[in-house]
Amino acid sequence: MAFGRFERTPGQTPMSEINVTPLVDVMMVLLVIFILTAPLLGRALKLDLPQAAGASAGAPAQVVRLSIDAQAQVFLDGQPITLDALAQALTARASQSSAAGQAQLPEVQLQADAQVPYGRVVEVMDLAQLAGMHRIGFVAERKPAAAKP
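S.K.: Got a minute to help me understand the sheet that holds strand β4 (residues 107-112) in this structure?
M.R.: Strand pairing in a sheet relies on backbone hydrogen bonds. The paired strands run either parallel or antiparallel. Strand order in the open sheet formed by 5 strands is β3-β2-β1-β4-β5, and the pairing between neighbours is mixed. The open sheet has two edge strands with one neighbour each: β3 (79-81) and β5 (136-138). Taken pair by pair, the neighbouring strands of this sheet meet at an average axis angle of 30 degrees, ignoring direction. Here strand β1 (residues 63-68) pairs with β4 via 6 bridges, running parallel. Its bridge partner lying in β4, L66 is registered against L110. Lying over the sheet, helix α2 (residues 83-99) contacts β1, β2 (74-76) and β3, oriented at roughly 25 degrees with respect to β2. Most of the contacts of helix α3 (residues 118-130) go to β4, to which it runs at about 170 degrees, and overall it touches β1, β2, β4 and β5.

Below, the structure is given as structure tokens:
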């Protein structure tokens, strides 16, 4: 009986290095998040405001409702009006609000039919701006949610 020695092949040795690629990825993501959010954190101004029982929110702003129907007829607060009369009425309302000491001119809410030519809408907007009313809001209907099949 012969006893021989078999050569042992070295097995796999444990890896002694740390894979830093995932660590670098996570750090880069965190750096980007901090870069994006840091400017937002500095803008908050914390105030301890005094409280009063008699404080009111102020008078609501006046609203001028202008509508244009499918035949391009203009309506001021529901009443039909010509463009010349509209210019005079808007100028009168702007001067009334400034004479009353209001800080802001009335807001114009413009409602136009989908079939109205764009040029007509621009004419009405121009009249409002010439009267000094620069706050113009466009009124639209919300589309109904589409039914899912």
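S.K.: Sorry, what's going on with the packing of α2 against α3 here?
M.R.: Between two packed helices, what matters for the description is the angle formed by their axes and the separation of those axes. Their axes nearest at 9 Å, the elements α2 and α3 cross at an angle of 30 degrees. One element, α2, and the other, α3, form an angle in the roughly parallel class. Judged by the sense of rotation from one axis to the other, the crossing of α2 with α3 is right-handed. Between α2 and α3, the residues in contact are L83, L86, A87 and L90 and R120, E123, V124, L127 and A128, respectively.

S.K.: Just to check I follow, could you spell out α2 for this structure?
M.R.: Note that an α-helix has 3.6 residues per turn; residues three or four places apart therefore point the same way. A rise of 1.5 Å per residue sets the reference length of α2, with its 17 residues, at 24 Å; its end C-alpha atoms lie 24 Å apart and thus fit the reference within 8%. Along α2, the positions that sit buried rather than exposed are L86, A89, L90, A94 and S97. All buried residues of α2 fall inside an arc of 135 degrees around its axis, so they share one side. Away from its buried face by more than 90 degrees, α2 exposes D84, Q88, Q96 and A99. Looking at the buried residues of α2, the elements they touch are β1, β2, β3 and α3.

S.K.: Looking at this model, I keep getting lost on the pattern of salt bridges. Mind explaining?
M.R.: Side chains that carry opposite charge are capable of pairing whenever their charged atoms lie near each other. Considering all chains together, one arrives at 3 salt bridges under this definition. Between E123 and R120 there is a salt bridge; the shortest N-O distance is 3.7 Å. One end of the pair is E123 and the other is R120, both in helix α3 and 3 residues apart, which spans about a single turn. With relative accessibility at 39%, the residue E123 sits in the partly exposed group. Residue R120 is classed as partly exposed on the basis of its relative accessible area, which comes to 23%.

Calculation notes
Residues numbered from 1 in each chain as written. Predicted model: local features only at pLDDT ≥ 70, side-chain atom pairs only at ≥ 80, totals over all residues. Heavy atoms only, no water. Pairing = 2+ DSSP bridges. Helix = DSSP H or I, 4+ residues; strand = E, 2+ residues; numbered from the N terminus. Axes fitted to C-alpha atoms, helices over the stretch in contact; angles between N-to-C directions. Contact = heavy atoms within 4.5 Å. Parallel < 35°, antiparallel > 145°, perpendicular 65-115°, else oblique. Left-handed = near helix turned anticlockwise from the far one by under 90°. Expected span 1.5 Å × (residues − 1). Buried < 20%, exposed > 50% of the residue type's maximum accessible area, 1.4 Å probe, protein only. Arc of directions from axis to C-beta. Salt bridge = Lys/Arg side-chain N within 4 Å of Asp/Glu carboxyl O.

As far as function goes, none of this settles anything; it's purely spatial.
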